[in-house]
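# Examining the three-dimensional arrangement
Residues per chain, in single letters:
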Amino acid sequence: MKMFITIHNKPVPVYSDEKNKKKFNLLKSALEAKVIKGRATIKKCLDSIISIEIVGCEAILHSFNERDSLALSLY
């Protein structure tokens, strides 16, 4: 399943293997918190993010630079 989320006024595709609105809402709230209170590493990843993949209870944030990609726990 493919959905889009807006980060820094840029649409970012979110890929998931299941249709779970709860996980998508958890992802949105986690990203909003990280944009406001996140550390420099997370903010750097969000600045160059290209896609997000939800796997189980984690969201993998893929960025242009492979070293900036992160895993974010949703629970």
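Structure first, text after, so check above.
This is a predicted model, so every value here is computed, not measured.

As a further point, take unusual backbone geometry. The residue histidine 8 is not glycine, and still its phi comes out positive at about 55°. Relative to the assigned elements, histidine 8 resides in the loop between strand S1 (2-7) and strand S2 (10-16).

Before going further, it helps to spend a moment on the state of the cysteines. Enumeration according to the criterion identifies 0 disulfides in this entry. Not part of a disulfide, cysteine 45 finds its nearest cysteine sulfur in cysteine 57, a span of 18 Å.

The next subject is helix H2 (residues 40-47). Those residues of H2 not exposed but buried are Ile42, Cys45 and Leu46. Each buried residue of H2 sits inside an arc of 100° when the element is viewed along its axis, so together they form one side. The outward face of H2, more than 90 degrees from its buried face, is lined by the exposed residues Ala40 and Asp47. On its buried face, H2 is in contact with S1, helix H1 (21-37), strand S3 (49-55), strand S4 (58-63) and strand S5 (70-73).

This brings us to the packing of H1 against H2. Between H1 and H2, whose axes approach to 9 Å, the crossing angle comes to 115°. Judged by the sense of rotation from one axis to the other, the crossing of H1 with H2 is left-handed. Judged by residue contacts, Leu31, Lys34, Val35 and Ile36 of H1 engage Ile42, Lys43 and Leu46 from H2. Tallied by class, the residues present in the contact of H1 with H2 amount to 5 nonpolar, no polar and 2 charged.

What counts, and at which threshold
- Numbering of residues starts from 1 in every chain and runs along the sequence as written.
- Per-residue local features of the predicted model are confined to residues with pLDDT of at least 70, and side-chain atom pairs are confined, for both listing and counting, to 80 or more; whole-chain, interface and lining totals are unaffected and use all residues.
- Based on all heavy atoms of the structure, the side-chain values leave hydrogens and waters out of the count.
- The helix and strand labels rest on DSSP assignments: H or I over at least four residues marks a helix, E over at least two residues marks a strand, and numbering proceeds from the N terminus.
- Here, two cysteine sulfur atoms that lie within 2.5 Å of each other are counted as a disulfide.
- Each residue's exposure class comes from its accessible area (1.4 Å probe, protein chains only) as a fraction of the maximum for that residue type: buried when under 20%, exposed when over 50%, partly exposed otherwise.
- When we speak of the arc, we mean the arc of directions from the helix axis to the C-beta atoms.
- Here, residues are in contact when the closest pair of their heavy atoms is within 4.5 Å.
- The convention used is that axes are lines fitted to C-alpha atoms, helices contributing only their stretch in contact, and that angles between N-to-C directions extend from 0 to 180 degrees.
- Crossing handedness is defined as follows: a turn of the near helix away from the far one that is anticlockwise and smaller than a right angle gives a left-handed crossing, while the clockwise case is right-handed.
- Under the scheme applied, nonpolar residues are Ala, Val, Leu, Ile, Met, Phe, Trp, Tyr, Cys and Pro; charged residues are Asp, Glu, Lys and Arg; polar residues are all the others, including Gly.

Just geometry here; none of it tells us what the structure is for.
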